[in-house]
Structures are given as C-alpha cells and as structure tokens.
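A structural walkthrough
Single-letter residue listing:
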Amino acid sequence: MRNCPIGVFDSGLGGVSVLRNMHALLPKEDFIYFGDDKNAPYGTKTEEEILRLAVNDANFLLQKNVKAIVIACNTATSAAAAHLRQTLSIPVIGMEPALKPASLARKNGYIGVLATPATLKQKKFQLLYEKYGSHALPIPCPGLMEYAERGILEGEEIDLFLNELLKPYRNVPLDSAVLGCTHYVFLKGAIQKALVGVELFDGNEGTARQLKRVLEERNWLKDEGEGSVSMHTSGDEAHILPLMQSLFREKIL
Ligand code: DGL
C-alpha cells in the first residue's frame, strides 16, 4: 500500500488548493487529482445528486489503485463522506469549514461562514454550528466558486460580485470569516479586499495534517523517492488542465 498514490477529488479545481498543502506536507507521496469540472458547481445541487457525483469521482480514483481518498470539497464531504467511509475499505479524509479554530480565536465580533448553499444546508454543518456557532453567521455564496473555475481570482468583476453578495451583512461586526469552500482559498485576495480587517480561516492545513496522521497510523507513508502529481478533469482538458497546473503553483495571500 505504501507506494500507492493518494486520490484527491473536488467538483472542480478548488481542491487544488488542498492538494498544495498536502504536497507541501508530504512531498514524497504521489497524488492523483480529479476535478469534476463538467458537473460543477455541486453547491447548488441536491444532496442526492452530489452523493451520486461524488461516488463517480471516487470510482475514477479507485481505478487508479489509490491507498486513500481525500474529498477536497466541503460540499461533497457533507453529502458523501459517511457513505464512502461505509462502502470503501481505504481511508476517506474530508473537509470541514474551519469554524472551530475561528471560534477559538474569536474576540468580540461575529464569524462569517462563507460556503456553498448545499454545505450550509446539510446536517454535517448543522452539527458543527450547534457546537461552535454561537457567534457564527452562515453566508451562502452561490456563484462565487465560478470565478475560480474561470481563473478570475481578482479584478473589478469579482470585486463587484463580492460587494453585492456581502451587502446584507455590512452592519454585522465580523472578527473573522471562514472560507468553507476549497475554491474560495484561491479567491482570498479578493475576499480580503471585500472584508477589510477580517481574519480569514480555511481548513486546508487541517485536512493535510489529518491525511498524514491517517497514513502514519497505518504505516502507509511513502518514505522514499520524489512524489508526483497528476491531474485529471471531466471537463475541457485543454482549458482546465493548464489552469489547474498554474493554480497549483499560484502564490496565495
Ligand atoms: N469546492 C467545493 C467546496 O469546497 C464546492 C464548490 C461547488 O462545486 O459548488 O465546497
């Protein structure tokens, strides 16, 4: 098992932001990334539909003989992690909006939780909210991930979109904001510009550490040779793969 690759999937290229953390932490591992760009976005679909798509994504990776699967997508984690853990014999690692660290670091204000409508609606988030959400404000962001999918990480168009999206929350004193969708990590610069002075949290590093822990426990960490990364998409390869590769190298705030 030790020398098998690690499979990673997302609805599109947002999970590449998690892949970066995992590759930096585990440089000897081989990673296979699958983005279901053809069916993105997941965040405005029903739970049943997201589950069905996530099972297809996992099947793509299983064919590549992966030793673990990372669901680098908050939306698909909520809809499908429990099912995949029940049905697969390899470890399945998921994402969680970083509400816990944000609530531990909270001073006086509120915590905005930016995520897809599906993530905020699902049971998994409701449970997290009951535990750490006493000062949390869920902010559904339909349409936001599409900017990352199109490679638009900054500029006037996204600034206008974010200002409009965040208008109803202007009077709420925010201490921090949780980026509860892996695509939003690539949009950090634009989001920070729209939320001046607000501290941003994401769950990427936590997921990378969890992957390492899980592999360590099984003694499945690859400990020799240089790791590799291969990327796949269900979408337009000629357009998406170069974008994924440049996002893999992109400097993030
Ligand atoms: N990247 C995803 C997430 O973390 C989902 C975006 C979408 O497909 O709507 O939630």
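Above this text is the structure in question.
Focus on the environment of S234
Looking at the element boundaries, S234 is found in the loop between β9 (229-233) and α11 (237-249). Sequence spacing of S234 and A40 is 194 residues, and the spatial spacing of their C-alpha atoms is 9.8 Å. Discounting residues that sit within four places of it in the chain, S234 has contacts with F34, G35, D36, D37, K38 and N39. Side-chain polar atoms of S234 contact the backbone nitrogen of D37, separated by 3.3 Å.

What about the packing of aromatic side chains?
Under the defined criterion, the tally for this structure stands at three aromatic pairs. Aromatic side chains F125 and Y129 sit 5.9 Å apart centroid to centroid with 40 degrees between the ring planes, which places their arrangement in the tilted category. Placement of both F125 and Y129 in helix α6 (residues 123-132) is noted, with a separation of four residues, approximately one turn of the helix. You can call F125 buried: its relative accessible area is 3%. If you follow R218 out to its NZ or CZ, it ends over the ring of W220, 5.6 Å from the centre.

Re the pairing of strand β2 (residues 31-35)
When you tally the buried positions in β2, you get five out of five residues, the bulk of the element. In β2, alternate side chains face the same way, and those of F31, Y33 and G35 on one face and I32 and F34 on the other are all buried. Where strand β1 (residues 6-10) and β2 come together, five bridges link them in parallel fashion. Of the residues in β2, the one forming a bridge with I6 is F31. Tracing the backbone out of β1, into helix α1 (residues 16-25) and back to the parallel element β2 gives a crossover that is right-handed. Sheet topology places β2 next to β9; five bridges connect them, and they run parallel. Across the sheet, residue F31 finds its bridge partner in β9, namely V229.

Points about the site of the ligand
By nearness alone, 13 residues border the ligand, and S11, Y42, G43, T75 and H183 come closest of all. Within the backbone of G43, a nitrogen or oxygen atom sits 2.8 Å from an oxygen atom of the ligand. Between the ligand and T182, the relevant distance is 2.8 Å, taken from an oxygen atom to a main-chain nitrogen or oxygen of the residue. Coverage of the ligand by the protein amounts to 99% of the 300 Å² it exposes when considered alone.

Digging into the pairing of strand β8 (residues 199-202)
In this structure, strand β7 (residues 174-179) lies alongside β8, joined through four bridges in parallel fashion. Residue pairing in the sheet places S176 in a bridge with E199 of β8. Of the crossover connections in this fold, the one passing from β7 over helix α9 (residues 188-194) to the parallel β8 is right-handed.

Let's talk about the pattern of salt bridges
One pass over the structure, following the stated rule, counts ten salt bridges. Across the pair D223 and R2 runs a salt bridge, and its minimum N-O distance is 3.5 Å. Separated by 221 residues along the polypeptide, D223 in the loop between α10 (204-218) and β9 and R2 in the segment before β1 bring together distant segments of the chain. Under the relative-accessibility criterion, D223 is labelled partly exposed at 47%.

Focus on the side chain of T77
Following the sequence through the fold, T77 ends up in helix α3 (residues 74-87). For T77, a relative accessible area of 2% gives the class buried. There is a polar contact of 3.0 Å between the side chain of T77 and the backbone nitrogen of M95. Those residues in contact with T77 that sit more than four places away from it in its chain are I71, G94, M95 and K124.

The rules behind each value
- Residues numbered from 1 in each chain as written.
- Predicted model: local features only at pLDDT ≥ 70, side-chain atom pairs only at ≥ 80, totals over all residues.
- Heavy atoms only, no water.
- Helix = DSSP H or I, 4+ residues; strand = E, 2+ residues; numbered from the N terminus.
- Contact = heavy atoms within 4.5 Å.
- Polar contact = N/O pair within 3.5 Å; in protein donor to acceptor, adjacent residues only side chain to side chain.
- Phe/Tyr/Trp six-rings, centres within 6.5 Å; stacked < 30°, edge-to-face > 60°.
- Buried < 20%, exposed > 50% of the residue type's maximum accessible area, 1.4 Å probe, protein only.
- Lys NZ or Arg CZ within 6 Å of the ring centre and 35° of its normal.
- Pairing = 2+ DSSP bridges.
- Right-handed = clockwise from strand over helix to strand, strands pointing away.
- Near = heavy atom within 4 Å.
- Areas by Shrake-Rupley, 256 points an atom, 1.4 Å probe, with all protein chains shown as cover.
- Salt bridge = Lys/Arg side-chain N within 4 Å of Asp/Glu carboxyl O.

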